Every structure is written in structure tokens, then in C-alpha cells.
Amino acid sequence: MIVNIAGVSAIGATWCLPRIGCWHMDAVVDSAEQLSGTVKIQVLNDPSQPPILEYSGTIAAGAPYTDTGYYRIVGGADGLRSSAKPRAYGQCQLRVPLKDILEGVGEQLDSSSDTAVTNLQLPGWTTLGVPAGRQIRALLQAAGRDVAWRFLAGGKLWVGRETWPDAGVSYEELGSLPQEHKIEIATDGPTLLPGTKLDDGRRVSYVQHSIDSGKLRTLVYLEAA
Amino acid sequence: MAVPGMDRVKAALVALLGAGEPRVDYFTTYRAKVMKQSADMTKVDLKPDDARIPQCSDVRIKWGIPGVKAKIAPGCYMHLGWENGDPSKRYAMIIEDGATQLEITIEAVNAIYMGDKGAAKELATKDHVHDGSTITAPSGGGACSGVTGVPQGVGALTTILKGA
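In short, a report on the structure. (Residues numbered from 1 in each chain as written. Chains lettered and ligands numbered in written order. Predicted model: local features only at pLDDT ≥ 70, side-chain atom pairs only at ≥ 80, totals over all residues. Heavy atoms only, no water.)

Glancing now at the overall build of chain A. Helix and strand counts for chain A come out as 3 helices and 16 strands. Relative to its length of 225 residues, chain A is compact, with a C-alpha radius of gyration of 19 Å against a globular reference of 17 Å. Across the 225 residues that make up chain A, the buried fraction comes to 46%. For chain A, contacts bridging at least 24 residues in sequence account for 60% of all contacts bridging at least 6. Accessible surface, chain A: about 10500 Å² in total, of which carbon and sulfur atoms supply 46%. Here chain A contributes 20 positively and 24 negatively charged side chains, and the mean placements of these two sets differ by 10 Å. (Helix = DSSP H or I, 4+ residues; strand = E, 2+ residues; numbered from the N terminus. Rg over C-alpha atoms; globule rule 2.2 N^0.38 Å. Buried < 20%, exposed > 50% of the residue type's maximum accessible area, 1.4 Å probe, protein only. Contact = heavy atoms within 4.5 Å. Areas by Shrake-Rupley, 256 points an atom, 1.4 Å probe, with all protein chains shown as cover. Lys, Arg positive; Asp, Glu negative; His and termini not counted. Charge placed at Lys NZ, Arg CZ, Asp CG, Glu CD.)

So, about the interface of chain A and chain B. Listed as interface residues are 16 residues of chain A and, on the opposing side, 15 residues of chain B. Approximately 1200 Å² of surface area, both sides summed, lies buried where chain A meets chain B, with 60% of it carried by carbon and sulfur atoms. Summed over the three residues of chain A that lose the most area to chain B, namely A:Thr126, A:Leu128 and A:Arg134, the buried surface amounts to 43% of that side. Scanning the region where chain A abuts chain B turns up 0 salt bridges. Our count for the contact surface shared by chain A and chain B stands at 9 residue pairs in polar contact (both at pLDDT 80 or more). Counting only elements with at least two residues in the side of chain A that touches chain B, the list comes to strand E7 (87-89), strand E10 (125-127) and helix H3 (132-141) of chain A. A per-class count over the side of chain A that touches chain B returns 8 nonpolar, 6 polar and 2 charged. (Buried area = accessible area lost by both parts, 1.4 Å probe. Salt bridge = Lys/Arg side-chain N within 4 Å of Asp/Glu carboxyl O. Polar contact = N/O pair within 3.5 Å; in protein donor to acceptor, adjacent residues only side chain to side chain. Nonpolar A, V, L, I, M, F, W, Y, C, P; charged D, E, K, R; others polar.)

What follows is about the pattern of salt bridges. Going through the model one piece at a time under the given rule, you end up with 18 salt bridges over all chains. Linking B:Lys62 and B:Glu83 is a salt bridge whose minimum nitrogen-to-oxygen distance equals 3.6 Å. Of this pair, B:Lys62 sits in the loop between strand E3 (56-60) and strand E4 (68-72) while B:Glu83 is found in the loop between strand E5 (77-82) and strand E6 (90-93), placing the two residues 21 residues apart along the sequence. One salt-bridge network, held together by shared partners, links A:Arg19, A:Arg150, A:Glu162 and A:Glu223.

Before going further, it helps to examine the pairing of strand E3 (residues 24-29) of chain A. Consecutive residues of a regular strand have side chains that alternate between opposite faces of the sheet. Residues and elements named next belong to chain A. Only one face of E3 is covered, namely the face carrying Met25, Ala27 and Val29; the face carrying His24, Asp26 and Val28 is uncovered. In this structure, strand E2 (residues 8-18) lies alongside E3, joined through 6 bridges in antiparallel fashion. Residue pairing in the sheet places Thr14 in a bridge with Asp26 of E3. Between E2 and E3, which pair antiparallel in sequence order, lie 5 residues; one of them, Gly21, sits at a positive phi of approximately 120 degrees. Where E3 and strand E6 (residues 68-75) come together, 6 bridges link them in antiparallel fashion. Bridged to Asp26 within E6 is Arg72. (Pairing = 2+ DSSP bridges.)

Rendered as C-alpha cells:
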């Protein structure tokens, strides 16, 4: 398996994808050139074939050190740490302050977001000048405690209620910690995503893919039953 | 992000908790200047002192005393809050000292008393009518002019508000 970041081969990576929030990847790349800004993460099983997975993210931190680059990459445009622009609203749909918060920090709302959430009518809203991620959390809680949000492969933020589709991933279970609702699996690629369910119905809450010299191991945190 | 007085590990934990800078959230109230009040005296436009809180218009006022409303001069300060910490339900309350109250309305169903109810005379009831002129009363007591039914002993007034 090959992982490329901005066209540069990754020696190793740990990729954490939560069901709610922003994913991040800690990567080691085989290059002395500084990476920055928006990057494309590609996973290939065969370099002559199209990637099996492509994700858009942003370099949040990192630099080369002795011919090797060490980076933290996050989903979207790394805008959730920035302060939202304070703004007060009268009666409005939830999408109005949500889009203002996102666009104010360089992020975008994915069009596949659940309109039952984004069309929710609010009697009013006050956006505070605090990190945009906190404001998004507060805003979506107004729609209900079962609302999720995360960055998709294209780099935009999806919001909605989980439908728990099949993960569509073949895997071998290598180990289990039932008391922690956690399993370790082996798969052909880092395609298991949170918000899906395994073939036995267990729901995936958080995924940590560890890639080292082309080998992949995945820790799966399951929703508590 | 560097935090004064903290090493990196603690700073990371504090950032995680969102406790690194003075918190601003929906569970307290914030001082704000009154920019404008609605004609019916029920709402105000507010400009908070803290720049992290936006200017808010048409914020309903919780006066705190049933039936009481006041017309206040812009420039005074009130407090902006959110009911039960709900960001969709803001309100204004507590007029700070120093506000100029241009008018006070007291809507009482039966009577308005000044002072201790047991010893006080009724200031106004639903049966009292004010003709709109200035009301004065001699300091030593005696009949008041300008309104019918006002008991003796009431001090000089410039305006009387009719009860409901």
C-alpha cells in the first residue's frame, strides 16, 4: 500500500477519524521540502491504478528535519481553531449562522448535509467570538444531541444524523478489548470510516489507521451498545 | 499556542478544555450599552463591552417586577444573557446605576402603594383619573389639584400613572 501526501511518498502515518469533529493525520514523508496549505492524501494499492482513497486536508503544523518531513494534517481548511465572527440573528434557519461561521474561517458546508438539520428554524441565535469548532458544536446541539458533524473526503463539513450504512470493508479481527469497546483489524486499505457499521452490526465511532512502511493496522472504537 | 505561566503540556490541556483565555459563554450575563429602545419599551439594542459578543438588536427586556416598564435614555448599561444558556434565547436585564429613566410605567390591576402598605395611602387605583395636568400637593397635607381622588399627604408629583 502506498500513501502519498501532496504527491510525496509517506513513510508512515497515523490517521484518526472521529465520528464527530475534525480528522487529523500525523505523517512522516520522504522529502526535505516544506509542505504547506491544502494537500491531497492519496492511498494506492497499485501505483499504476487510480487511488482507492483520496482526501483533502490542510497542513496544520510541521516541517522537514534531516531530509524527512513531519506533519500534522487536518480535515478541511484548518479553520475550526480560528475565532468565529461575533454575530446576532433574529429568527432564521440553522444553516444561516452555520454557513456564516464556516465561511468566516475558510470552511464550507457540504451539500450532502441533512436538510432536516440545516433547515431547522431557530427563534434567534448569537455567535460568540470563540473558536469556530465550539460554536459549531453549540449550534448543532440546538438541533439535537444526536446530530453529528465531520469533514468528508472532499474537505467540506457534513452535518446530519447518522444512518449507519454498511462499512463495505472486508477485515480480519486481530484483537479485541470488549471492556473498552475497541477492536484491532487488518484490512486492505484505510477505507473504514466512522458513522458506518461493520458486517455484524457493530457501529463505528472512531477509527485510527496506522500505516507504517506500507503495512496497515486499524483500531476501531465502537459505539457503546 | 504559548500560554503565559504554563508549559506546553499544560497549555495543550488547557486549550483542549477551552480554559486558556477568559471564558465567554452562554451561561452568564455580559455588560452592554443600550443603543436604542423600542417604542413599546419592551426591547433594546445592545452593544456589549466584550468584542467577542456581537451587537444585538431587539433584545427583549426582563424587567424583573411584573407590570413595570421603563423608558431609559440610550447610553446606559444593561446585562445581556441567554435563558438556560440557550444561544437562541437572549434577553436583557438589570439596568445599571446611573441610567436616566425617562418614564416608568407601573401596570397594577388594583392599586399602587407608596411606602409600607399598612400605613400608606393609595397613590392611584383603577378608579382614579388624571386629567393630564401637573399634580401638586402641599407638603403639610391638603387637597391635591390636577387629579381626583388623590389622598392627602402625597408629596409633589409631576406625573401620575394611571393603574390598569
